Amino acid sequence: MKTILRTLAVLGCMAMTAAAHAAEPFKIGLIIPLTGPFASFGKQMEAGARLYMKQHGNTVGGREIQLIVKDDGGVQPELTKRLAQELVVKEGVSALAGFGLTPLAFATAPIATQAKVPMVVMSASTSSVVEKSPYIVRTSMTEAQVTLPIADWAAKDPKADIKTVVTLVSDYGPGLDSEKVFVKRYTEGGGKVLESIRVPLVGPDFSPFMQRVKDLKPDGLFVFLPPGPGVTLMKQFVERGLRDAGIQLMSTGGLLDDYFMPTIGDEALGTVTSGHYSAAHDSPENKAYVKDFEAFVGNTMRPNFMSVGAYDGIHVIYAALEKAGPDATGEQLVEAMKGMEWMSPRGPVSIDPETRDIVQDVYLRRTEKVDGELYNIEFDTIEKVKDPRL
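Residues numbered from 1 in each chain as written. Predicted model: local features only at pLDDT ≥ 70, side-chain atom pairs only at ≥ 80, totals over all residues. Heavy atoms only, no water.

With that settled, the discussion passes to helix 11 (residues 305-324). With 20 residues, helix 11 should cover 28 Å at 1.5 Å per step; its first-to-last C-alpha distance of 28 Å lies within 8% of that length. Of all 20 residues in helix 11, 17 are buried; the element is thus mostly enclosed. Its side-chain oxygen 3.0 Å from the backbone nitrogen of Met306, Asn304 forms the N-cap of helix 11. Positive backbone phi, at 100°, marks Gly325, one or two positions downstream of helix 11. (Helix = DSSP H or I, 4+ residues; strand = E, 2+ residues; numbered from the N terminus. Expected span 1.5 Å × (residues − 1). Buried < 20%, exposed > 50% of the residue type's maximum accessible area, 1.4 Å probe, protein only. Polar contact = N/O pair within 3.5 Å; in protein donor to acceptor, adjacent residues only side chain to side chain.)

Right, here's the structure in full:
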């Protein structure tokens, strides 16, 4: 009898503990750049995250979801790391999310591991990011993943007729990944790379580089830049006569980020890019997303791939809580995220159960005018692309 009573007491305590835990808010610490040179990243990610929560409510499995937003300025890994520590220790967050650039995700990974909380990477795109912690799940993309299709197009499409190329990339993780994949795939396909140029991440002057490219006389110029600097590069590409010389400008999606498209101008026309999201993507889900996003932000900006990375990142957290239960541990939430599949505004996506990285369609696009505005118009789809694991 005493044994039964003790068992009932223990079970009662466990039930009360579980109920108390379930009643506590589930806090998500969103670390993004809202100031500094990459402030557009943060604006898009915060809008995407908050839109998802507005559409789906702020309660999952009886637990209130709270979003705590921190601005890391985008360029100081130690600040990002300190903010993550404070969110875990002082705020008691159950998940970390955001991370505009690779160095910031690298700095935070040990915190996620020590605290045993999921870390949902919504932007940082170096292939090795997910390897830095078993708690990292990525909902954005990798530069290697979106570079493969355009390298194949440049090498193999007879209409493109691109036999020689110069590459120009920002000198940090995603740029180096993009350069490596493009050079490998393009040369394997029979093309020749005349030179590989690397430029500073912040504030480069492209004029001398454009002159160097013009002097080399390639058929194409492949570029990787984070969103923002591409506006300057394309103006100098035209001003320096590279377009008139018949050089085909190619890039991954960051060069012609939807956020900046309204300000770029006709210099962008005819540029070919590969990417996983365009505001012009023709699907019912995306048309609804663009409409809801623009209404949510008051028509102040067009949604871009970073907004979708955050929108889907919050989806993954919500779906994991629903699957694993409101009392799930960090380990259980990550396990619930593995293998997850859903229809995103960008198209069908899933989380690779082995790598915890996103698998998604990648689109080849050409910049065109639609009703007087520039858009990335898709002309080919490469389905279910995985990161090539450099």
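What follows is about unusual backbone geometry. The phi dihedral of Asn299 is positive, around 55°, even though this residue is not glycine. As for its placement among the helices and strands, Asn299 is situated in the loop between helix 10 (284-296) and helix 11. According to the relative accessible area criterion, Asn299 is exposed, its value standing at 59%. Even without being glycine, Asp371 reaches a positive phi, approximately 50°. The class of Asp371 is exposed, set by a relative accessible area of 79%.

Counting 77 residues, the largest nonpolar core has Leu96 and Ile314 as the members making the most contacts within it. Once you skip the residues sitting within four places of it in the chain, Ile314 turns out to touch Ile28, Ala49, Tyr52, Met53, Leu67 and Met122. Listed in part, the 24 residues of the second largest apolar core include Val213, Leu233, Leu256 and Leu374. (Core = buried A, V, L, I, M, F, W, Y, C linked by side-chain atoms within 4.5 Å. Contact = heavy atoms within 4.5 Å.)

By the secondary structure assignment, Glu331 is in helix 12 (residues 330-337). The exposure class assigned to Glu331 is partly exposed, which follows from its relative accessible area of 36%. Along the sequence, Glu331 and Lys116 sit 215 residues apart, while their C-alpha atoms lie 6.8 Å from each other. What Glu331 contacts, discounting residues up to four positions off in sequence, is Lys116 and Tyr135.

Here we come to the pattern of salt bridges. Where charged atoms from two side chains of opposite charge approach closely, those side chains can pair. Tallied over the full model, the rule gives 19 salt bridges. We note a salt bridge from Lys163 to Asp161, for which the minimum N-O separation is 2.4 Å. Note that Lys386 is salt-bridged to Asp352, the shortest N-O span being 3.5 Å. One end of the pair, Lys386, is in the segment after strand 15 (373-385); the other, Asp352, is in the loop between strand 13 (347-351) and strand 14 (358-370), with 34 residues separating them in the sequence. For Asp352, a relative accessible area of 9% gives the class buried. (Salt bridge = Lys/Arg side-chain N within 4 Å of Asp/Glu carboxyl O.)

All right, on to the packing of aromatic side chains then. All told, the structure shown has eleven aromatic pairs when counted by the stated rule. On the basis of an interplanar angle of 55° and a centroid distance of 5.2 Å, the ring pair of Phe38 and Phe41 is categorised as tilted. Like Phe41, Phe38 is buried. Measuring from ring centre to ring centre gives 5.1 Å for Tyr52 and Tyr311, while their planes differ by 80°; the resulting arrangement is edge-to-face. On the criterion of sequence distance, the pair formed by Tyr52 in helix 2 (residues 39-56) and Tyr311 in helix 11 is long-range, its members being 259 residues apart. Judged by its relative accessible area of 11%, Tyr311 is buried. The rings of Tyr52, Tyr277, Tyr289, Phe293, Tyr311 and Tyr318 are connected pair by pair, giving a single aromatic cluster. Above the face of the Tyr375 ring, Arg302 is positioned so that its terminal group lies 3.8 Å from the ring centre. In this structure, Arg366 packs its charged tip against the face of Phe379, placed 4.5 Å from the ring centre. (Phe/Tyr/Trp six-rings, centres within 6.5 Å; stacked < 30°, edge-to-face > 60°. Lys NZ or Arg CZ within 6 Å of the ring centre and 35° of its normal.)

In this structure, strand 11 (residues 272-275) lies alongside strand 14, joined through four bridges in antiparallel fashion. Along strand 14, the bridge assignment pairs Val272 with Arg366. Across three bridges, the pairing between strand 13 and strand 14 is antiparallel. Looking across to strand 14, one finds that Val349 is bridged to Gln360. Hairpin connection from strand 13 to strand 14: six residues lie between these consecutive antiparallel strands, with Arg356 at a positive phi of about 65°. (Pairing = 2+ DSSP bridges.)

A separate point is the environment of Asp257. As for its placement among the helices and strands, Asp257 is situated in the loop between strand 10 (248-252) and helix 9 (261-264). The exposure class assigned to Asp257 is buried, which follows from its relative accessible area of 1%. Along the primary structure Asp257 and Tyr289 are separated by 32 residues, whereas in three dimensions their C-alpha atoms are 17 Å apart. The residues contacting Asp257, other than those within four sequence positions of it, are Pro227, Asn304 and Phe305.

All quantities given are derived from atomic positions and should not be read as evidence of function.
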